[in-house]
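Single-letter residue listing:
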Amino acid sequence: SVRKRIEGAAKRSGRHPDEITLVAVTKNQPVTAIKEVVESGIADLGENRSQELLPKREAIGDAVNWHFIGHLQRNKVKYIIPFVYLVQSVDSIALAKEIDKRAGAINKVQNILLEVNVSGEKSKYGFSPDDLVKAVNEMGKLGNISINGLMTMAPFIDNTELLRSYFAKMKELFDNLSRARQPNLKMRYLSMGMTNDFEIAIEQGSNMVRIGTAIFSP
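Reference entry: report on the structure contained in this document. Quick caveat, the model's predicted, so the values are computed rather than measured. (Residues numbered from 1 in each chain as written. Predicted model: local features only at pLDDT ≥ 70, side-chain atom pairs only at ≥ 80, totals over all residues. Heavy atoms only, no water.)

Some words on the overall build of the protein
Across its full length, the protein holds nine helices and eight strands. In terms of C-alpha radius of gyration, the protein reaches 17 Å, essentially the compact-globule figure of 17 Å for 218 residues. Taken along the three principal axes of its C-alpha coordinates, the protein extends 40 × 40 × 30 Å. The proportion of buried residues among the 218 residues of the protein is 50%. (Helix = DSSP H or I, 4+ residues; strand = E, 2+ residues; numbered from the N terminus. Rg over C-alpha atoms; globule rule 2.2 N^0.38 Å. Buried < 20%, exposed > 50% of the residue type's maximum accessible area, 1.4 Å probe, protein only.)

With respect to the packing of helix α2 (residues 31-39) against helix α3 (residues 50-60)
Running from N to C, α2 and α3 cross one another at 55°; their axes reach a closest spacing of 11 Å. Accordingly, the angle class assigned to the pair α2 and α3 is oblique. For the pair α2 and α3, the sense of crossing is right-handed. Residue-level contacts link Val31, Ile34, Lys35 and Val38 of α2 to Lys56, Ala59 and Ile60 of α3. Classifying every residue of the contact of α2 with α3 gives five nonpolar, no polar and two charged. (Axes fitted to C-alpha atoms, helices over the stretch in contact; angles between N-to-C directions. Parallel < 35°, antiparallel > 145°, perpendicular 65-115°, else oblique. Left-handed = near helix turned anticlockwise from the far one by under 90°. Contact = heavy atoms within 4.5 Å. Nonpolar A, V, L, I, M, F, W, Y, C, P; charged D, E, K, R; others polar.)

Describing helix α6 (residues 132-139)
Among all positions in α6, only Leu132, Ala135, Val136 and Met139 are buried. Along the axis of α6, the buried residues cluster in a sector spanning 100°; they form a single face. On its buried face, α6 is in contact with α5 (93-105), β5 (110-115), β6 (145-151), α7 (160-178) and β7 (185-191). (Arc of directions from axis to C-beta.)

A short note on the nonpolar core
Ranked by size, the top nonpolar core spans 61 residues in total, and within it Val87, Ile99, Leu114, Met139 and Leu150 carry the most contacts. The element contributing the most residues to this core is α7, with seven residues. Setting aside residues up to four positions removed in sequence, methionine 139 forms contacts with Ser92, Ile93, Ala96, Leu114, Phe127, Ile145, Ile147, Gln182 and Asn184. In terms of nonpolar packing, the next biggest core, distinct from the first, is built from six residues, Val23, Leu113, Met151 and Tyr189 among them. (Core = buried A, V, L, I, M, F, W, Y, C linked by side-chain atoms within 4.5 Å.)

On their own, these measurements won't tell you what the molecule is for.
What follows is the structure, encoded as C-alpha cells:
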C-alpha cells in the first residue's frame, strides 16, 4: 500500500516511482518484524538510535543499506561509521568533523546528508536555511565525508499548504546546492516525507522518504 501511494505521488509530480527511495524506519520494532519487511524487498532501513541500530544490524546483517536518521551524538559516531551507508542527520559542523575523523581512521568516505530545520522550530535540530551554504563551504575541507544531499523533518501539522511551502523551500535549497562545485559535494538525495506527509513531499521533489508507522502499523 505504501508503494502504491509512492507511485501515485511520483506520477503526479511527473517522475518514475523508481526514482524514490523508500527507507523503512525500524525504531522500536523487533527483529522479526524487520526481517519480514526485508523479505518483502525493502533494501534500506533507517534507525534513530545507535543503541538500537547495533544489535539490529548484527541480527539482520549487511544485505540492506543502513541509514542513521536520528540525532547523533558525537561520542556515538565511532560505533556506527564502520557499517552505516548514510548518516542523514548531520546537524552541525562539529558532528561532520567527528564523522570525517572516524571515517578517515578506517579509510572510508562516509556519505552524509545535512539536516535542515526548514520550519525554524526550536525543538528541532538542523542548520537554518540561511546558514546552509556557509556550512557546506566549511565542510569542503573534509576529505572523508561526501555530502550526498539534504534531509528535513517537517512539522506534524494538518496544514497542507504550509507543508508544501516547507518542502518547496527544501527543493529550492537542494537545487541551488546542486549547482555548486565542491569536491565532496555530490547532491543525490533530498530526504523528506514521513508517514503523515510523504505524498506531499514527493510531489514537491523528495526522492527519499522515511516511513515507519505506515509500514509497521502504529
